[in-house]
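# Close look at the chain arrangement
The primary structure of each chain is shown beneath.
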Amino acid sequence: MKPYLPTACLALLIVYFGVQALTGQRGLLTGADREAMLERRTAQLESLQEQRADLEVRALYLRTDNLSRDLLEERARVVLGFADPRDYVIRLDRNVVTAS
């Protein structure tokens, strides 16, 4: 029995690594999942880059040397919760639960 024990252990290791090579986290059969995740992350990166560019422009207009009165008024209304008398304001009660 003793000569077969190392051979059996090596065979089990080969089988284990073979299964991991096919179905593991970076295996051959999970390539489609990685591709889909890469596409989702690429789309998310593009969205974040657009948001960053928008925020950089807004920050540029809020600096004292390039102050935009319209943007400053918009931000003040949002932060303080004020509305122009000519604006239509629709208030929503967020605590109301709709019955299904």
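These lines cover the structure that appears in this document, whether it is placed above or below. Everything numeric in this text was worked out from a predicted model, so none of it was measured. (Residues numbered from 1 in each chain as written. Predicted model: local features only at pLDDT ≥ 70, side-chain atom pairs only at ≥ 80, totals over all residues. Heavy atoms only, no water.)

## Comments concerning the overall build of the protein chain
To keep it simple, the criterion reads: Secondary structure follows DSSP: runs of H or I at least 4 residues long count as helices, runs of E at least 2 residues long count as strands, and numbering of each begins at the N terminus. Radius of gyration: C-alpha atoms only; globule rule: 2.2 Å multiplied by the number of residues to the exponent 0.38. For each residue, the accessible area found with a 1.4 Å probe, counting protein chains only, is set against the maximum for its type, and the residue is called buried under 20%, exposed over 50%, and partly exposed in between. Computed by Shrake-Rupley with a 1.4 Å probe, the accessible areas treat only the displayed protein chains as cover when residues are assessed. Under this rule, positive means Lys or Arg and negative means Asp or Glu; His and the chain ends count for nothing. For the purpose of locating charges, the reference atoms are NZ of Lys, CZ of Arg, CG of Asp and CD of Glu.
Looking only at helices and strands, the protein chain features 3 helices and 0 strands. Relative to the globule expectation of 13 Å for 100 residues, the C-alpha radius of gyration of the protein chain, 30 Å, shows a markedly less compact shape. Viewed in the frame of its principal axes, the protein chain has a C-alpha envelope of about 95 × 50 × 25 Å. For the protein chain, buried positions account for 6% of its 100 residues. Of the roughly 10,000 Å² of accessible surface on the protein chain, 60% is carried by carbon and sulfur atoms. Charge separation in the protein chain, taken as the distance between the mean sites of 14 positive and 14 negative side-chain charges, equals 8 Å.

## Notes on the environment of Leu5
As for its position among the elements, Leu5 is in helix α1 (residues 4-23). Take Leu5: its relative accessible area is 55%, and that puts it in the exposed class. Distance in space between the C-alpha atoms of Leu5 and Ala76 is 77 Å, their sequence separation being 71 residues.

## Regarding the packing of helix α2 (residues 31-62) against helix α3 (residues 69-80)
What counts is decided by this rule: Interaxial angle, 0 to 180 degrees, is taken between N-to-C directions of lines fitted to C-alpha atoms, where a helix line uses only the stretch in contact. If an angle is under 35 degrees, it is roughly parallel; if it is over 145, roughly antiparallel; if it lies from 65 to 115, roughly perpendicular; otherwise it is oblique. For this analysis, residues touch if any pair of their heavy atoms sits within 4.5 Å. Residue type decides the class: Asp, Glu, Lys and Arg count as charged, Ala, Val, Leu, Ile, Met, Phe, Trp, Tyr, Cys and Pro as nonpolar, and the leftover types, Gly among them, as polar.
Two elements in contact, α2 and α3, have axes separated by 9 Å at closest approach and are oriented at 105°. Taken together, the axes of α2 and α3 lie roughly perpendicular to each other. Between α2 and α3, the contacting residues are Arg58, Tyr61 and Leu62 on the first element and Leu71, Leu72, Glu74 and Arg75 on the second. Here the contact of α2 with α3 is built from residues that sort into 4 nonpolar, no polar and 3 charged.

## A closer look at the packing of aromatic side chains
Threshold: When the centres of two rings from Phe, Tyr and Trp lie within 6.5 Å, Trp using its six-membered ring, the rings pair. Their planes under 30 degrees apart give stacked, over 60 give edge-to-face, and anything left gives tilted.
The tally for this structure, following the rule as stated, stands at 1 aromatic pair. Here Tyr16 and Phe17 contribute two aromatic rings whose centre-to-centre distance is 5.4 Å and whose plane-to-plane angle is 65°, an arrangement assigned as edge-to-face. Classification of Tyr16 as partly exposed rests on a relative accessible area of 48%. In this structure Phe17 comes out as exposed when scored by relative accessible area, which is 54%.

## So, the side chain of Thr30
What counts is decided by this rule: Think of a polar contact as two N or O atoms within 3.5 Å of one another; within protein, one of them needs to be a possible hydrogen donor and the other a possible acceptor, and neighboring residues in sequence only count if both atoms come from side chains.
Tracing the chain through its elements places Thr30 in the loop between α1 and α2. Among the residues examined, Thr30 registers a relative accessible area of 15% and is labelled buried. Within the local environment of Thr30, its side chain forms a polar contact with the side chain of Arg34, the two groups lying 3.1 Å apart. Non-local contacts of Thr30, meaning those with residues more than four positions away in its chain, are made with Leu22, Thr23, Gly24 and Gln25.

It is worth stressing that arrangement in space is one thing and function is another; only the former is reported here.
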